[in-house]
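A look at the structure
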Amino acid sequence: SLRKHTPMHLATALVVLCALAVAAGVVANSANEIMDKRHMHCNDVLDLRGMSFSAIQHAHEWREKNCPAMYKTHTLDVRECGLKAEHVVDLVRWFPDLTTLYICWNAIGSAGARALSQMKSLTTLGIHRNRIGPVGAQAISQMQSLTTLDISGNGIGPEGAQAISHMRSLTTLDICYNGIGPVGAQAIAQMRSLTTLNICWNAIDPEGARAISQMGSLTALDI
């Protein structure tokens, strides 16, 4: 005979079905992310914004297998990928030919900054909002091949600003939201190669502003 289904049986069945649907959705989303078409081509630009580290690894492996040796990745965008210091170590190993890297809105910290400093071919680096602090700024200051740097929102303070001021090849610098104060501003004012500077939200006071006003090489300034 047919079993009579009580409301309790039906409720339990619905819960099970919902759980299965959610699980299937998670698997499908993971699969869709890994198969994202952004990396399924051979050129020198790799845009992986918002993807997980496992997806970044998959993209690297796919390109290694399918792209001729002439197609080196020169520009990599891994903004908002949940990356930490240990992930940066792998990125440095996987993408040795990078000239442009956008790694903003992650959490690589000072250890990640030290790992990044090994990328000697970089000319453009976006490292906004990564909690690198003054120690991380010191590491980044060793990257003397950089001409463009966005180090904003990293809490580097005056000590970090003083380290960055020794980067003689920089022409474009975004150092806003770092609490560098007037001492940091005075250090940045010594960077004679800069043509573009964003130094807003740093409490540099009139003293720091006077120092910045003497930078004759600037053609664009946000203060």
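The following refers to the structure shown. Nothing here was measured: the structure is a model prediction, and the numbers come from that model.

1. A word on the overall build of the protein
- From N to C terminus, the protein includes 8 helices and 8 strands.
- Here the protein holds 223 residues, and the buried ones make up 43% of them.
- Considering only intrachain contacts with a sequence separation of at least 6, the fraction spanning at least 24 residues in the protein is 49%.

2. Side note on the packing of helix α3 (residues 85-94) against helix α4 (residues 109-116)
- Two numbers describe how α3 lies on α4: the axes approach to 8 Å, and their chain directions differ by 10°. The pairing of α3 with α4 is recorded here as roughly parallel in orientation. For the pair formed by α3 and α4, the contact residues are Ala-85, Val-88, Val-89 and Val-92 on the first element and Ala-111, Gly-112, Ala-115 and Leu-116 on the second.
- In the contact of α3 with α4, the residues fall into 7 nonpolar, 1 polar and no charged.

3. Focus on unusual backbone geometry
- Phi angles above zero are rare outside glycine, and Glu-80 is one such case at about 55°.
- In this structure, Arg-131 is a non-glycine residue whose phi angle is positive, near 60°.
- Of note, Arg-131 is situated in the loop between β4 (124-126) and α5 (133-140).

4. Remarks on the pattern of salt bridges
- Per the stated rule, a full pass over the model turns up 4 salt bridges.
- Asp-47 serves as the salt-bridge partner of Arg-49, at 2.6 Å between the closest nitrogen and oxygen.
- Where Asp-77 meets Arg-49, a salt bridge forms, and the shortest distance between an N and an O atom there is 3.5 Å. A residue pair is termed long-range when its members are at least 10 positions apart, and Asp-77 in strand β2 (residues 75-77) and Arg-49 in the loop between β1 (45-47) and α2 (53-66) qualify at 28 residues.
- Of the residues examined, Arg-49 reaches a relative accessible area of 42% and is grouped as partly exposed.
- Here the salt bridges share partners, and the residues they tie into one network are Asp-47, Arg-49, Asp-77 and Arg-79.

5. Points about the sheet that holds strand β6 (residues 172-174)
- Overall, parallel pairing links the 8 strands, which are arranged β1-β2-β3-β4-β5-β6-β7-β8 in an open sheet. Across the chains shown, the open sheet's two edge strands, defined by having one partner strand only, are β1 and β8 (220-222). Ignoring which end each strand starts from, the neighbouring axes of this sheet average 5° apart.
- Of the pairings in the sheet, the one linking β6 to strand β7 (residues 196-198) comprises 3 bridges and is parallel in character. Residue pairing across strands places Thr-172 opposite Thr-196, the latter belonging to β7.

The rules behind the values
- Residues numbered from 1 in each chain as written.
- Predicted model: local features only at pLDDT ≥ 70, side-chain atom pairs only at ≥ 80, totals over all residues.
- Heavy atoms only, no water.
- Helix = DSSP H or I, 4+ residues; strand = E, 2+ residues; numbered from the N terminus.
- Buried < 20%, exposed > 50% of the residue type's maximum accessible area, 1.4 Å probe, protein only.
- Contact = heavy atoms within 4.5 Å.
- Axes fitted to C-alpha atoms, helices over the stretch in contact; angles between N-to-C directions.
- Parallel < 35°, antiparallel > 145°, perpendicular 65-115°, else oblique.
- Nonpolar A, V, L, I, M, F, W, Y, C, P; charged D, E, K, R; others polar.
- Salt bridge = Lys/Arg side-chain N within 4 Å of Asp/Glu carboxyl O.
- Pairing = 2+ DSSP bridges.

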